[in-house]
Structure formats: C-alpha cells, structure tokens
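Letter by letter, the chains look like this.
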Amino acid sequence: MRRRLLIVSSLMAVILLVAANSPSERYFEIAKNLDIFATLFKEVNALYVDEVDPGKLMRTGMDAMLASLDPYTNYISEDEVENFRTVNTGQYGGIGAVTRQIGKRTVVTMIMEGFAAQRGGLKIGDEVLKIDQVELARVTSEEAGALMKGQLGTAVSLTIKRPGESEPITLSFKREKIKVNNVPHFAMLNEETGYIQLTDFTPDAGKEVKNALVSLKEKGAKKLVLDLRGNPGGLLMEAVNICNLFIPKGKLVVSTKGKMPDHNFSYETLNAPIDTEIPLVVLIDRGSASASEIVAGTLQDYDRAVVVGEKSYGKGLVQISRPLSYKAQLKVTTAKYYTPSGRCIQVLDYSRRREDGSVSSVPDSLKKSFKTTKGRVVYDGGGIDPDLLTVNQTYHPIIQVLFESGYLFDYATSFTAKRSAPTDIKSFQLTDADYNAFVQWMKDKPYDYTTNLDEDLHRIKEQAKREKNYDDIKVMLEKIESTVNEKRKNDLLVYKDQIKQALEADILSRYFLEKGYVEAGFKYDEELAKSIELLAKTDSYNKILMNN
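Because the structure is predicted, anything quoted here is derived from the model rather than measured.

Rules and cut-offs
- Residues numbered from 1 in each chain as written.
- Predicted model: local features only at pLDDT ≥ 70, side-chain atom pairs only at ≥ 80, totals over all residues.
- Heavy atoms only, no water.
- Helix = DSSP H or I, 4+ residues; strand = E, 2+ residues; numbered from the N terminus.
- Buried < 20%, exposed > 50% of the residue type's maximum accessible area, 1.4 Å probe, protein only.
- Contact = heavy atoms within 4.5 Å.
- Areas by Shrake-Rupley, 256 points an atom, 1.4 Å probe, with all protein chains shown as cover.
- Lys, Arg positive; Asp, Glu negative; His and termini not counted.
- Charge placed at Lys NZ, Arg CZ, Asp CG, Glu CD.
- Phe/Tyr/Trp six-rings, centres within 6.5 Å; stacked < 30°, edge-to-face > 60°.
- Lys NZ or Arg CZ within 6 Å of the ring centre and 35° of its normal.
- Core = buried A, V, L, I, M, F, W, Y, C linked by side-chain atoms within 4.5 Å.
- Pairing = 2+ DSSP bridges.
- Axes fitted to C-alpha atoms, helices over the stretch in contact; angles between N-to-C directions.
- Salt bridge = Lys/Arg side-chain N within 4 Å of Asp/Glu carboxyl O.
- pLDDT = per-residue confidence, 0-100.
- Disulfide = S-S within 2.5 Å.
- Parallel < 35°, antiparallel > 145°, perpendicular 65-115°, else oblique.
- Left-handed = near helix turned anticlockwise from the far one by under 90°.
- Nonpolar A, V, L, I, M, F, W, Y, C, P; charged D, E, K, R; others polar.
- Expected span 1.5 Å × (residues − 1).
- Bend = angle between axes of the 7 residues up to and from the residue.

Asker: Just to check I follow, could you spell out the overall build of the protein for this structure?
Answerer: The number of helices and strands found in the protein is 18 helices and 23 strands. Expressed as a percentage of its 548 residues, the buried residues of the protein come to 41%. In the protein, of all internal contacts separated by at least 6 residues, the share reaching a separation of at least 24 is 68%. Total accessible area computed for the protein in this model is approximately 31200 Å², and 54% of it derives from carbon and sulfur atoms. Taking the average place of the 74 positive charges on the side chains of the protein and the average place of its 75 negative ones, the gap between the two points comes to 4 Å.

Here it is, written out as structure tokens:
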C-alpha cells in the first residue's frame, strides 16, 4: 500500500512539473511579467523625483535584459538600423573615404580604390573641415559619418585643409554604392605561394575569395595562405561557400542546433570545388571568430589545411535578425553551430553564470575529443586550436599612444609630401636617418602611457599602504619609479623596430592605398613567414596532416 502511494505521489509530482512548464503556463508568466513591467514603468515615470526620459530608461532596461543572455543578442533601434545593415552587407551610399578623429580633427585615413573619393582628388592626410557647409568641429564623429553617407546619386561637398596648401579646398562628389571588400588584398608572396586576406563575411565573400584564388592560380600559385586573422565573422553561408572552393561537392560544412527544430540545419557544399589539392595554410588569431572558425574548423576536420597561429576566439553561436515595431530590429542567438567532426567551439557558457553574473569558460574536464578524417584528435569548447601554434607579436603601449595621438599619421603625411612614391613596396624601408628625423620631430610632442610595470608598481604601493608598511619601502619604490621613468625617455629608440613597422605602413598607404598598408607588414610578419616556410617543406606539411 505504501509503495502504491509512493508511486502515485511521484506521478503527481511529475504531472505538476510538466504542467508548470506547459506552454500555457509559460505564456501566463510572460503576460504577467509584461503587465508588472508596464505598471512599474508607468509609476516610475509618474512619481520619480526628477524628470525621466522614457526612451532612455526603456533602452537601459532592454539592453540590460538582453545582456544577461549573451553579448550578441541586441536591440537595434530605428536610428541604428542603417549602420547595422552596413555592417552586415558591407554596402552603403557614400564616396569611398575612411575617416577618423584625432583630437578635434577629422582626417582622411584611407581612400577606397576606384570610388568617388579617389576620382575626385581626396587624399589620405586631408583634414575635413566641413561637409555641405556643416562645420565638423560642431558635430560628433557619429554625426559626421552620417553626413558623409546618403542616398545614391546625391551630391556632397567637402571643405578640406591639405598640408602644404595655405587655403582650404572645396571638393565636390556624387554619392555612389560603396561595397567594402571582404578581400581587401591578395598577392603572390613568392613565385609559387599565393596570399588571400579575408577580413569579413558579408555578401559575396565566397565569390571574392574564388576570384582571388583563380587569379593567383593564373599567376602561378601552387600553394596558398588564407589569412583570417582579426576576422570577426559574418554570414554563415559565405563560410560554406569559401569551404566549397577547397573540398568536394556534397560535403558537410557546418550544422546548427537550437531550441526550436526549425533552427536545426545542415549545410553542405553545393558546387564543384576550384582546387581540392593545392597545399593550404589558414592563418588565425584571437580575433578570428564565428564564420572564420567555421572555415578554419571545417578545413581542419577534413585535413584539407594546416591551421597556423593562435587559438581562435571561440564563438559558436548563430544569430538571426527579426523585425520589431517602429522599424526596430532584434538580433537574437537562435542556435549553436558544429563543425563536420561534431565539435562546438563555443568557449563561454552563458547558460551557467556565476553568482556575480560573470561567465566561465568550458572547463577542460568537460571538453570532448573528436577526430578528423585522418584520425587527428581535435577538441570542442575552446575555439580552434592551431596545428602549428605561434606567438603573436605583442606591441608596446607606446605604439598605441603614437597612433591615438596622431603622431604616426601626421609624420607620415609630412614625410610623403616631400618625397615621390617608391618604385616598389617590398624594397621600401625607412633608413636610420629617416627614423632619427622622426625622433627629432617627436622631441617637443607631449605623450604619456602606462605600461604593465607601471600598473604593478601602483598595485604594490597601494597594497603597502593598506598593510601599513609603505614607509619601509617608500625609498625603494621611488628609486624604481625614477629608473623606469628615466628609461622611458629612450623608448622611441628601444622600440624602434615596432615604431618603424607602423610608420612604414602609414607611409606606404599614402602611395599605394590598401595594398601598400597590407604589404608593408609582410616583411615583419613572423606567422606569415612560418606559413611560407611550412608550405615550402612538403614533408613537414604532410606530416602534420597525416597525424605522424
């Protein structure tokens, strides 16, 4: 009898649990909480002691709510939709010029080849004073960007201050459709090795990589480096299209699995490949995410490429956008994606937060092993592990300060104003005399920065004060600080190689635009050098892929 009662009680508990989680119960909870929120919002607006901005208050609430889910689920207001569309499509109406603010100045930092800005005579280094008679000194950088863009075919005028010219110049342009290239650059690194830089996954990314690959093969490329470093991802289908260039038709590239069955998909290659044999290195780093990781992970799973670089970012979540009222949109995470071997590379588990709200990564004990086509062991839960691990160059804080203050930019502008373009990008290099001239130019320029050592010294000082023994070590700490500050005076010479690299890229961009900026870094790129070396050693390349 007691056993029967126990069974009945257990069944009742299960029934109650199911009922509590039934759709009708869930819909009631949603309606109930919406009602509570509406009445709360109304009372706060009516009773709060100071005037409340309803729109700002609501936005704060929505952003906080979505942030509690993950960083990728976002509300996009009507005002932000155009920028959201530009990011996702790489297209906008403009003139093809990139600007940034240096202090209170708005300067042109890049001219896109073949567009109105280049045809109309705008140059890198020009300072934009006015856009259509609106003084940029009176508007924010966001407002300035909006003024530059507009409907296709409309006119826009820029009043600029050009170094070497005594009076401002007014240039007129007609806005056109600007398409930001997913492949800003491709080139032959040597007689046999091609290079493709892929920086985004907006529409036509697959087509751009295909065109670059075909062009390089026509130039004699028998080996290839696909550079995905710093690529944050984008459209999933473009990742599929790019994988399709290197693996046969009908192969699984990625599958997605979500809470709702209609978000579960398997994506296979649909077309005949371009080349399934060409030796391939895929370069990744900590900034390679999402669609970049699909490409790297898929080619790794099929043992089709050697992945070189750092562990990737670890974003294995899929987002879609849904329309909302008043022309707003919701970007929402709907699924996780899985590479052909079955691994999900998502590194942070947003469904299991700590008590303080922070998110932990997937612990090693919960990571699962999977096997590639040829039996190599790969793991989930932590991004893509490269087959050949390299250590990325760490830049000293002085580089960031020289960039942000505009000193590198301004010196490059004055340097190129006095010199004609070099005949060859590869052979260009600042001489010791050139660099010493930069050091002299910097002598009266104010700048300051904080290093890791500065932060460590500050922490030691504060901890010593808390523990009441600061007076005992004060003299010693002051001596260390004095030594550090004295050595800092020589940082322009100590970090000469890093500063030269940044300066040369800025200078060559003036002469050769994007091509100059990218290729200027080739001779300093250790990861690229290791990739070229690996591709030159067929036995070493094959040994990695054969799991030997």
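Structure shown, so let's carry the discussion forward.
Asker: When you look at the packing of aromatic side chains in this model, what are you seeing that I'm missing?
Answerer: For any two aromatic rings, the description comes down to two numbers: the centre-to-centre distance and the angle of the planes. By the definition in use, this model includes 12 aromatic pairs. Taking the centre distance of 5.1 Å and the plane angle of 70 degrees together, the rings of Y411 and F438 count as edge-to-face. Highlighted residues: Y411 in helix α11 (residues 407–417) and F438 in helix α12 (residues 432–441), separated in sequence by 27 residues. Side by side, Y411 and F438 carry an identical accessibility label, which is buried. Summarising the aromatic geometry, the rings of Y447 and Y449 are spaced 6.3 Å apart at their centres and angled 10 degrees between planes, so their arrangement reads as stacked. When its relative accessible area of 28% is taken as the criterion, Y447 is described as partly exposed. Put simply, the rings of Y407, Y411, F415, Y435, F438 and W441 pair up and form one aromatic cluster. Directly above the aromatic system of F403 lies the positively charged group of R100, at a separation of 4.1 Å from the ring centroid. Note that R488 overlies the ring of Y449, its terminal NZ or CZ placed 4.9 Å from the centroid.

Asker: Sorry, what's going on with the nonpolar core here?
Answerer: A general feature of soluble globular proteins is that nonpolar side chains tend to end up buried together. Judged by nonpolar contacts, the single largest core of 54 residues is most densely connected at I196, L198, L280 and V295. If sequence neighbours within four positions are ignored, I196 has contacts with V183, H185, F186, V209, A212, L213, L216, L224, V225, L226 and D227. In terms of nonpolar packing, the next biggest core, distinct from the first, is built from 24 residues, V401, L408, L430 and A520 among them.

Asker: What am I meant to see in the sheet that holds strand β11 (residues 193–197) here?
Answerer: Within a sheet, adjacent strands bond to each other through the backbone by hydrogen bonds, running parallel or antiparallel. Reading across from one edge, β10-β11-β12-β15-β16-β23 is the order of the six strands in this open sheet, with mixed pairing throughout. Sheet topology places β10 (185–188) and β23 (388–389) at the edges, where each strand pairs with a single neighbour. Two strands pair when backbone bridges link them, and β10 and β11 are joined in this way by four bridges, in the antiparallel orientation. The residue of β11 that forms the bridge with M188 is G194. Running at roughly 140 degrees to strand β15 (residues 280–284), helix α9 (residues 291–301) makes contact with β12 (223–227), β15 and β16 (306–309) of the sheet.

Asker: It is not clear to me how the pattern of salt bridges should be interpreted in this structure. Could you clarify?
Answerer: Side-chain pairing between opposite charges can occur once the charged atoms of the two side chains come close. One pass over the structure, following the stated rule, counts 31 salt bridges. Note that R85 and E82 form a salt bridge whose closest N and O atoms lie 3.0 Å from each other. Linking R85 with E82, this pair stays in helix α4 (residues 81–89), spanning three residues, or about one helical turn. Here R419 makes a salt bridge to D434, at a shortest N to O gap of 4.0 Å. Taken together, the residues R419 in the loop between α11 and α12 and D434 in helix α12 connect sequence positions 15 residues apart. Note on D434: relative accessible area 17%, which makes it buried. Among the ionic contacts, a cluster of salt bridges with common partners joins D227, R229, D525 and E527.

Asker: Looking at this model, I keep getting lost on the environment of K104. Mind explaining?
Answerer: Tracing the backbone shows K104 in the loop between β3 (97–102) and β4 (105–111). You can call K104 exposed: its relative accessible area is 81%. Here the alpha-carbon distance between K104 and P163, two residues 59 residues apart in the chain, equals 17 Å.

Asker: Could you clarify how one ought to interpret the side chain of E293 in this entry?
Answerer: Looking at the secondary structure, you find E293 in helix α9. Buried and unpaired, E293 has no salt bridge, with K315 as the nearest side chain of opposite charge at 7.4 Å. With near-sequence residues (within four places) excluded, E293 lies in contact with S288, T298, S312, Y313, G314, K315, Y337, I345, G383 and I384.

Asker: Whenever I open this one, the confidence of the model for the protein confuses me. Can you help?
Answerer: Where the model shows low pLDDT, its predicted coordinates should not be examined in detail. Residue-level pLDDT values for the protein average 92, and 96% of them are 70 or greater. Throughout residues 1–20 the model reports pLDDT below 50, and contacts reaching past four residues in sequence, or to other chains, amount to two contacts.

Asker: Sorry if this is basic, but what is going on with the state of the cysteines here?
Answerer: Disulfides are covalent bonds that connect the sulfur atoms of two cysteines. Under the criterion given, the structure shown has zero disulfides. In this model C243 remains outside any disulfide bridge; the closest cysteine sulfur is found in C344, 16 Å from its own. We classify C243 as buried; its relative accessible area is 0%.

Asker: Before we go on, may I ask you to explain the packing of helix α7 (residues 205–218) against helix α8 (residues 236–244) in this structure?
Answerer: A pair of packed helices can be characterised by two numbers: the angle between their axes and the separation between those axes. Remark: α7 packs on α8, axes separated minimally by 8 Å, with the N-to-C direction vectors making an angle of 25 degrees. In terms of axis orientation, α7 runs roughly parallel to α8. For the pair α7 and α8, the crossing hand works out as right-handed. Touching A205, G206 and V209 of α7 are E238, N241 and I242, all from α8. Of the residues in the contact of α7 with α8, the class split is three nonpolar, two polar and one charged.

Asker: Would you mind going over helix α16 (residues 496–519) with me for this structure?
Answerer: The α-helix winds at 3.6 residues per turn, so residues separated by three or four positions along the chain end up facing the same way. When the terminal C-alpha atoms of α16 are compared, their 19 Å separation across 24 residues is substantially less than the 34 Å that a helix rising 1.5 Å per residue should span. Approximately 150 degrees is the largest bend angle found in α16, and it occurs at F512.

Asker: So what exactly am I meant to see when it comes to the packing of α11 against α12 here?
Answerer: The N-to-C vectors of α11 and α12 enclose an angle of 125 degrees; their axes lie 11 Å apart at closest approach. In this view, α11 runs oblique relative to α12, as classed from their interaxial angle. Where α11 crosses over α12, the handedness of that crossing is right-handed. For the pair α11 and α12, the contacting residues are Y407, L408, D410, Y411 and F415 in the first and D434, A437, F438 and W441 in the second. Looking at the contact of α11 with α12 residue by residue, the classes come out as seven nonpolar, no polar and two charged.

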